[in-house]
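One-letter residues, chain by chain:
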Amino acid sequence: MSGKKSLGRFLTENAVVILFLLITIAAIPSSGLSIQYILQEMITRLGRNTFLVLALILPIYAGMGLNFGMTLGAMSGQLGLILAINFNVGGVEGLAFAALLGTPVSVLMGYICGSVLNKAKGREMVTGYMLAFFINGIYQLVILYMMGAIFPIRSPAILLSRGYGIRNTLNLEGVRQSLDNLLMLRLGGYALPLATFIVIAVLCAFVIWFKKTKLGQDMRAVGHDMTVAESAGVPVDRTRIIAIIISTVLACYGQIIFLQNMGNMATYNAHDQTSFFAVAAILVGGASVKKASIPNVFIGVILLHVLFVVTPRAGQNLFGSAMIGEYFRQFIGYGVIALSLVLYAWRARKDALRAREGLRRASIAAAPEGAAK
Amino acid sequence: MPKSTPNIKQFVTDFGWPRIIIFFFLALLFAAAPFVGVRMDASISDVFNRFGQNGLFVLALVPMIQSGCGLNFGLSIGIIAGLIGSTLSVQLGLIGFGGFFGAVALALPFAVLFGWVYGKLLNKVKGEEMTIAMYVGFAGVMFMCIMWLVLPYTSPTMVWGYAGKGLRTTITVEGFYRQVLNEFLAIRIGPNFVFPTGMLLFDGLCAYLLWLFMRTKTGTAMTAVGSNPDYARASGISVDRMRTTSVIISTVLGAVGIVVFQQSYGFIQLYTAPLAMPFAAVAAILIGGASVNKASMVNVLVGAFLFQGLLTMTPSVINSALHTDISEVVRLIVSNGIIIYALTRKTKVAK
Amino acid sequence: MSEKKVDPKIAARRLLVRGGLVVAYVFLVGLFFVTGKGHTVLVDNKDAADGSAVGINGALVSIDGREALEQYPGDRDIVLLKGQRHRVRIQLPSGEPPIEMSLALPLNTDMLLLSIPKLVAKQAGYLEEFVQRDQPRPADEKVGDNNAFTSPDAPVTTPAP
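Residues numbered from 1 in each chain as written. Chains lettered and ligands numbered in written order. Predicted model: local features only at pLDDT ≥ 70, side-chain atom pairs only at ≥ 80, totals over all residues. Heavy atoms only, no water.

Draft legend 1. Inspection of the overall build of chain C at higher detail. Scanning chain C from N- to C-terminus turns up 2 helices and 8 strands. Reading the helices (α) and strands (β) of chain C from amino to carboxyl end gives α-β-β-β-β-β-β-β-α-β. Within the span of chain C, comprising 161 residues, buried residues form 28% of the whole. Long-range pairs, those at least 24 residues apart, make up 55% of the contacts in chain C with a sequence separation of at least 6. When the accessible area of chain C is evaluated, it comes to approximately 10,500 Å², of which 59% is carbon and sulfur surface. (Helix = DSSP H or I, 4+ residues; strand = E, 2+ residues; numbered from the N terminus. Buried < 20%, exposed > 50% of the residue type's maximum accessible area, 1.4 Å probe, protein only. Contact = heavy atoms within 4.5 Å. Areas by Shrake-Rupley, 256 points an atom, 1.4 Å probe, with all protein chains shown as cover.)

See below:
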């Protein structure tokens, strides 16, 4: 009986991963893509996206759900890149320059985001999502109207022809793939951007180390139960803000790594989908609103991106329209987020019911002893 | 001095600074309009028109807020049902009022069905409704994107000419039911002012019906579920059923809303068009003074008017005054700012 | 937090650490700015305007040990450089030992003109800032036309009518 139950439990807990694995495996043959191509594509995309997805872990740990406000960090990173392009700072130094300039902005953004989320406890996710829209407005105000008009821009090539506002698409030629090419390892026909993976590994080590620090333990306590943590003397609001600040700063660096790999930047919409992809990836990897680990990130990035690589081709081959594949992968992305949120909320309610029932049973069992006294 | 004006203070805290700022901003825009060469009659006509177009979306949010399901970020589910109805109506070649009411009638069964499923789903995830609603809405829209390409529509006004299949991104309803409500009893003053009587009457009728419904036994039970679920359960009301009912009503209103929108706007917009529509409606009702768990008809009226007024006046006034297209950014900041403001307010039980 | 009395020693140390961080931050920004600053160098083999130096027929110019540029009179090649200190090596066709010298680019310049004839003739002003007068600019894309919900590497979202 218990064996059957644990299998059922395993299935419900990993329903999203299993479902995703099945869809992906089914879609690979119909895409007609070679395994070699898909593997190379996975290596590239792991380097491109993993850092961004890792940025989501700490807020989940602190019980704040999926940090849709990470988009704020992405925008800070883009601001840094715009300045690096403006001053014509290139190469890895250019990336470091962009990251350094983006850091104070993303700390400020993280502080704002954390403070707002503290006022919206219990609905952090929706609020974070809307905050990203709001700050997007401010970002556009600064980049599209103030740059070149109020803030001087050195390089006229990145301005719109009207004289102010940054162009819609920026060519990141100076920094293009500079991190990836810093240590490019070629192994049997595959290109492995070693430097990018080292950066990702360092971040993983940081996350593991951070969880063991006093602050990390505080976060865990806050994530577990805010009132208990508060009474134990943990500064709840401050800890939550710090979790968001770290996440935002990491998202800033993550976006810079993402964009150096892409090589071009859509100034006004490169960040639109950042949180969508990152959140979908970590959920596909088996994380939930309350629990996420580093393996979830890697599994998620691989699974989500295999599907993303494969579906447009599969759509083209099966239905004669690449658009169907494109819509399908977006449907899958949004659907996965919805499904895992639903499964999580549903499971949490069931667990709460079970716990309440268990408590009742325990109190009934304890009652006769109490009565005997 | 401040002590002598407790009423104003109370009013300000209740209504909230952001809303007051928006109100004065809009008043300023109207005041400035004649000086920058914006025609007042055309602007006001435009505001009425957009108010009528979008009013039902805002109205659609009321039942779910009242029943405690929060802001319906998944309103696009209802919009999808409406799109199915309107495309079917065009496919069947229904014309004039027949086309409009045909579209509504054909949309209704879908809206009820979708609303029922969507409501059942939201019952399973109490406390997380808004985030999940948003993503269910997104996923639904993307799913329908595939469907619009695949479903066997044949009407030549709707399918891509060269392929002979797959619906166009925008479909004109000219010759079907374009402006049937707007033109009904429309009042024209001068060349630039049209008062869309029929559309506003229809909106008013829907609002009145909802208002009546909220006063029936079921309606009051619904409000009770939202304001105090434990009390409601104790007095024998099925919480889940009430919530499902509210979601169905919201979805139906969303479906009817999009058909009203189309007849005035003149086009059916398919594919990714419905993605952003719920956000505009949510911003509007919040500007009108609603909170995450309390909304009234006054909120709908004031909110839809203020928000649509803002959408109409900011582009025309700001663009002609500053000669830039900055209004889109102003809209982004204002509408999303007000949503954040509402989400971060302490949810106290309103009087 | 600030209400609490903090031991002045700790307060001083905290201030020191914070100050140190700010200094380190500024230093790093400066460092990466200087080392990563890109310069476009136009390696030019035209006659000097006053005719004092003439183009060299078949000079091999190599910067920082890169592959040499083979230059004939009137040639102008573009080299992208990072940082300010570089080495130039010029091999003349006459077979003399190559000229080697270090090149210091001013930090605040984007584009420079390096005149090989002047350099070989050891004239002053072989390196000067080059200001582009009218850059060809691609047309603006439509701004604000954002299809916010498609993926970055999506195919064109709207099918052609």
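That was the structure; now back to the text.
Draft legend 2. Fine view of the overall build of chain B. Scanning chain B from terminus to terminus reveals 14 helices and 4 strands. Since a compact globule built from 351 residues should have a radius of gyration of about 20 Å, the 21 Å found for chain B is in line with a globular shape. C-alpha extents for chain B along the principal axes are approximately 70 × 60 × 35 Å. For chain B, the residues scored as buried account for 54% of the 351 residues in total. Within chain B, contacts between residues at least 6 apart in sequence are counted, and of these 77% link residues at least 24 apart. Across chain B, the 23 positively charged side chains and the 12 negatively charged ones have centroids separated by 9 Å. (Rg over C-alpha atoms; globule rule 2.2 N^0.38 Å. Lys, Arg positive; Asp, Glu negative; His and termini not counted. Charge placed at Lys NZ, Arg CZ, Asp CG, Glu CD.)

Draft legend 3. Quick peek at the interface of chain A and chain B. Opposite the 39 residues of chain A that make contact, chain B presents 42 residues. Both sides together, the interface formed by chain A and chain B hides about 3,600 Å², and carbon and sulfur atoms give 76% of it. When the area that chain A buries against chain B is broken down by residue, the three leading residues are R123, M130 and Y327 of chain A, summing to 18%. Counting across the interface, chain A meets chain B through 0 salt bridges. Joining chain A to chain B, the criterion identifies 2 residue pairs in polar contact (both at pLDDT 80 or more). Sorting the residues of the side of chain A that touches chain B by element identifies α7 (124-146) and α14 (322-372) of chain A as the ones contributing at least two each. Here the side of chain A that touches chain B takes 15 residues from α14 of chain A, the largest share from any one element. For the side of chain A that touches chain B, a count of residues per class yields 27 nonpolar, 8 polar and 4 charged. (Buried area = accessible area lost by both parts, 1.4 Å probe. Salt bridge = Lys/Arg side-chain N within 4 Å of Asp/Glu carboxyl O. Polar contact = N/O pair within 3.5 Å; in protein donor to acceptor, adjacent residues only side chain to side chain. Nonpolar A, V, L, I, M, F, W, Y, C, P; charged D, E, K, R; others polar.)

Draft legend 4. View of the side chain of S76 of chain A. Residue and element names in this part refer to chain A. Its place among the elements puts S76 in helix α5 (residues 70-86). Take S76: its relative accessible area is 2%, and that puts it in the buried class. For S76, the residues in contact, after removing those within four places along its chain, are G102, V105, S106, M109 and C252.

Draft legend 5. Spatial organisation of helix α14 (residues 327-344) of chain B. The terminal C-alpha atoms of α14 of chain B lie 25 Å apart, and with 18 residues this matches the ideal 26 Å at 1.5 Å per residue to within 8%. Burial analysis of α14 of chain B places 15 of its 18 residues in the buried class, the great majority of the element. (Expected span 1.5 Å × (residues − 1).)

Draft legend 6. Molecular detail of unusual backbone geometry. Residue and element names in this part refer to chain B. One non-glycine residue with positive phi stands out, namely Q179, at about 65°. With respect to the secondary-structure elements, Q179 resides in the loop between β1 (170-172) and α7 (180-183). For Q179, a relative accessible area of 17% translates into the label buried. A positive phi is found at Y271, a non-glycine position, where the angle reads about 55°. Along the chain, Y271 falls in the loop between β4 (267-269) and α12 (277-287). Under the relative-accessibility criterion, Y271 is labelled buried at 3%.

Draft legend 7. A look at the domain arrangement of chain C. Residue and element names in this part refer to chain C. By the assigned domains, chain C splits into domain 1 (1-36) and domain 2 (37-129). In this structure, domain 1 and domain 2 have C-alpha centres spaced 44 Å apart. Each side of the interface is counted separately: domain 1 has 5 residues, and domain 2 has 6 residues. Summed over both sides, the interface between domain 1 and domain 2 buries roughly 390 Å², with carbon and sulfur atoms accounting for 54% of that surface. (Domains from an automatic or database assignment.)

Draft legend 8. Inspection of the pairing of strand β3 (residues 190-193) of chain A at higher detail. All names here are of chain A. On β3, burial follows the alternation: A191 and P193 on one face are buried, whereas Y190 and L192 on the facing-out side are not. Sheet topology places strand β2 (residues 184-187) next to β3; 4 bridges connect them, and they run antiparallel. By the bridge assignment, R186 is partnered in β3 with A191. Connecting β2 to the antiparallel partner β3 that follows it, the hairpin turn spans 2 residues, and G188 within it adopts a positive phi of roughly 45°. (Pairing = 2+ DSSP bridges.)

Draft legend 9. Structural view of the sheet that holds strand β1 (residues 38-44) of chain C. Residue and element names in this part refer to chain C. Taken in spatial order, the 4 strands make up an open sheet running β4-β1-β7-β8, and their pairing is mixed. Lying at the two open borders of the sheet, with one neighbouring strand each, are β4 (76-82) and β8 (127-129). Here the average twist between neighbouring strands, direction ignored, is 25°. Pairing between β1 and β4: 7 bridges, direction antiparallel. Its bridge partner lying in β4, D44 is registered against R76. (Axes fitted to C-alpha atoms, helices over the stretch in contact; angles between N-to-C directions.)

Draft legend 10. A look at the pattern of salt bridges. All told, the structure shown has 18 salt bridges over all chains when counted by the stated rule. Here K82 of chain C and E93 of chain A are joined by a salt bridge, their closest N and O atoms 2.9 Å apart. Placement of K82 of chain C in strand β4 and of E93 of chain A in helix α6 (residues 91-118) is noted, with the two residues assigned to different chains. Overall, K82 of chain C belongs to the partly exposed group, its relative accessible area being 37%. Between R154 of chain A and D110 of chain C there is a salt bridge, and its shortest N-O distance comes to 3.4 Å. Taken as a pair, R154 of chain A in the loop between α7 and β1 (169-171) and D110 of chain C in the loop between β6 (99-104) and β7 (111-115) lie in two separate chains rather than in one. The exposure class assigned to R154 of chain A is partly exposed, which follows from its relative accessible area of 33%. One continuous salt-bridge network, built from bridges that share partners, spans R154 of chain A together with K37 and D110 of chain C.

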